[in-house]
Amino acid sequence: MAGEKTFIGPKLRELRKTRGLTQAELAKALNVSASYVNLIERNQRSASLKFLITLSDKFGLNWRDLTNSDTGLALADLRQITRDPAFGKITPDIEELRSALEGAPNLVNGFVRIFNAYRTYGERLAEQNEAIATSSDSQLSIEQSVHDFFRSNNNYFQDIEDCAEALNSKLKCDREEIYGALKQHLSSDLGIAVKLARDESLGSSLRYFDRDRNELLLSDGLDHNNKAFQLAHMIALIEHQQLFNEQVPETVRGHERGAARYRVELANYFAAALMMPYGEFYQDALQFKYDVERLAARFSVSYEQVCHRLTTLQKPGQRGIPFFFLRIDRGGNVSKRLNATPIQLAQFGGACPRLDVHFCFRVPGRILTQTVEMPDHSRYFTVNRTIERPSFRYSTEDKRLAVSLGCPVEYAPELIYSMNVDPNSSRMITEVGVNCRLCPRHKCNQRAHDPFFSSLHLDEDRRGVTHFES
C-alpha cells in the first residue's frame with residue numbers, strides 16, 4: 001500500500017449507513033474529526049493505514065476488504081456500455097467513468113442492470129427465428145442465468161478452490177496417478193465402486209452413477225484424462241452438493257433443472273481446479289506464456305480444459321490475463337462460453353462469421369491467431385483451434401468442435417502466440433460483431449440478417465455487397 005492513495009468513500013458511507021451511524025458518531029468511534037470522515041466519504045481525502053486499522057478493530061472488519069475493490073472489470077463494462085449506439089454520440093472519458101464508479105456505485109450498478117436488461121430483451125427480439133421458436137424460454141433463460149452468474153463472480157470461486165486444494169493435498173499423487181487416486185477415494189471414502197462399461201451399454205452417455213448399486217460407470221471409450229475429469233466431477237457433486245446449493249441463486253433454487261445446471265457447471269469448475277491447482281497452474285501459465293498445449297501436457301489434461309481453466313485465473317492478488325472462451329460446432333452454433341473480459345458474446349444463435357474460429361474446421365489441429373475489433377472499437381487478440389471429441393469407433397470419427405480463447409489486445413504481448421505477429425497492425429485487424437442481428441456495421445459482405453437496431457440504406461437501382469443494403 002506504500003505510495004498508493006486509498007479511496008474508500010462509497011464503501012465507508014455504505015458501512016456507516018448499515019450501522020445506523022451519523023458521520024459525527026462514526027468519527028467519535030474512530031477518534032477522528034467529523035470533517036475527516038466527510039472528506040473520506042466524498043473521496044476528497046484518502047484513508048490512512050491507521051484509519052483503516054482503527055476501523056477494522058472497531059467494527060470487526062478486514063480492512064483489505066475495503067481496499068480490494070475490483071473496479072477494473074466494472075470500469076471496462078461501463079466503458080463498453082457508453083460506446084453503445086443507444087447511448088448517444090458524446091461518450092464520457094475514462095476519468096468521468098471512474099468518478100461515477102467511485103462516487104455513485106449504486107447508481108452505476110443500477111444503470112448497468114438496466115442496460116443489460118435492454119440488451120438481453122433486444123437480443124431475444126432479434127433472435128426470434130426458427131431455432132429459438134423450437135426451444136423453451138425457460139431453458140434459454142437458464143443458460144443465460146448460469147453464464148451471468150459466472151460472469152458476475154468473475155469466473156472465480158474461492159470456496160471451490162479451497163475444496164479442490166484440500167482434496168489434492170489428501171490424494172498426494174503425481175498427475176499420472178490421479179485417476180487411480182480418485183478411484184480409490186471414491187471406493188474407500190464414499191463407498192462407490194468405479195467400473196468401466198462398454199460404450200454400447202451406456203448409449204450416448206460418458207458417465208452414469210447408479211445410486212442403487214453405488215456404482216459409477218465410465219465409458220471404456222474415454223481416454224485417461226477424461227476418465228479422471230469425470231471422476232473429479234462426480235466427487236464434486238457428491239461431496240460438495242451443499243456448497244453448490246448455497247451458490248445457486250434463490251430465484252433458481254425452486255427450479256430443479258435450473259439448479260442442476262448450476263451444480264453441473266460448478267462441478268466442472270471443481271474438477272478443473274483439482275486437476276490444475278491454482279497456484280501451480282498460475283505460475284506455469286506465466287512461465288510458458290500461456291502456451292495452451294504446453295500446459296495441457298504439463299497437467300495431463302485436454303486443450304479445452306486448459307482454456308476453461310485460464311478463464312478462472314482471477315484470484316485477487318494473483319490474477320492472470322482476463323480471457324473469454326467460445327466453443328462452436330460446424331454450423332457456427334455457440335455451445336459453450338465463458339467470459340472474464342468486457343466483450344459481449346452471442347447469447348443465442350451463431351457467432352460472427354468473420355471470426356477465424358469458423359475457419360479452423362478447414363485446417364484441423366492448427367492454431368490460428370486473429371485480432372478482432374468490435375463495433376465499440378474494443379480490440380481482442382484470439383487464439384483459435386479445433387478440438388477433438390471422444391471417438392469410440394469408426395462411426396464417431398471427425399466429431400470436431402472449434403474453440404476461441406481471447407483477451408484484450410493490450411495483453412497480447414504476454415502470450416506466446418503473438419511472437420511472430422503484430423496484434424495492433426491495422427492490416428491484421430478484422431472488424432467483427434456479436435452476430436448479424438446485433439451488429440451495426442454497414443457494407444459487411446458476410447451479413448446474413450438485417451441489424452435489429454438500425455436500418456441499412458437500400459436503393460433498388462444499386463446492388464451492394466449483399467442484398468441487405470445498396
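## So, the side chain of Glu41
Next up, step 1: Residue position: Glu41 is located in helix α3 (residues 34–41).
Next up, step 2: Classification of Glu41 by relative accessible area gives buried; the value is 5%.
Next up, step 3: Of the polar contacts made by the side chain of Glu41, one reaches the side chain of Gln23; its length is 2.9 Å.
Next up, step 4: Excluding residues that lie within four positions of it along the chain, Glu41 makes contacts with Gly9, Pro10, Leu12, Arg13, Arg16 and Gln23.

## Comments concerning the pattern of salt bridges
Next up, step 1: All told, the structure shown has 15 salt bridges when counted by the stated rule.
Next up, step 2: Between Arg309 and Glu161 there is a salt bridge, and its shortest N-O distance comes to 2.8 Å. Here Arg309 is found in helix α20 (residues 303–310), whereas its partner Glu161 is found in helix α11 (residues 158–171), with 148 residues between them in sequence.
Next up, step 3: The buried category is assigned to Glu161, whose relative accessible area is 5%.
Next up, step 4: In the salt-bridge network here, residues are joined through shared partners; they are Arg175, Glu280, Asp284 and Arg298.

## Focus on the nonpolar core
Next up, step 1: Ranked by internal contacts, the top residues of the largest apolar core, which has 74 residues, are Leu182, Phe244, Val306 and Leu310.
Next up, step 2: When residues of this core are assigned to their parent elements, the largest contribution, 11 residues, is made by helix α17 (residues 256–275).
Next up, step 3: With near-sequence residues (within four places) excluded, Leu310 lies in contact with Phe281, Ala285, Tyr290, Val292, Leu295, Ile321, Phe323 and Leu405.
Next up, step 4: One finds Phe324, Ala346, Val363 and Val432 within the second-largest nonpolar core, a separate group that totals 21 residues.

## A closer look at the state of the cysteines
Structurally, a disulfide amounts to a covalent bond that connects the sulfur atoms of two cysteines.
Next up, step 1: Going through the model one piece at a time under the given rule, you end up with 0 disulfides.
Next up, step 2: The thiol of Cys352 is not disulfide-bonded; the next cysteine sulfur, from Cys439, is found 6.3 Å away.

## Notes on the confidence of the model for the chain
Next up, step 1: On average, the chain scores 83 in pLDDT, and the residues at 70 or more come to 87%.
Next up, step 2: Within the chain, the element-level pLDDT minimum falls on helix α9 (residues 130–133), averaging 41, and the maximum on helix α18 (residues 278–287), averaging 97.
Next up, step 3: Every residue in residues 129–138 scores below 50 in pLDDT, and together they form 5 contacts with partners more than four places removed in sequence or on other chains.

Rules used throughout
- Residues numbered from 1 in each chain as written.
- Predicted model: local features only at pLDDT ≥ 70, side-chain atom pairs only at ≥ 80, totals over all residues.
- Heavy atoms only, no water.
- Helix = DSSP H or I, 4+ residues; strand = E, 2+ residues; numbered from the N terminus.
- Buried < 20%, exposed > 50% of the residue type's maximum accessible area, 1.4 Å probe, protein only.
- Polar contact = N/O pair within 3.5 Å; in protein donor to acceptor, adjacent residues only side chain to side chain.
- Contact = heavy atoms within 4.5 Å.
- Salt bridge = Lys/Arg side-chain N within 4 Å of Asp/Glu carboxyl O.
- Core = buried A, V, L, I, M, F, W, Y, C linked by side-chain atoms within 4.5 Å.
- Disulfide = S-S within 2.5 Å.
- pLDDT = per-residue confidence, 0-100.

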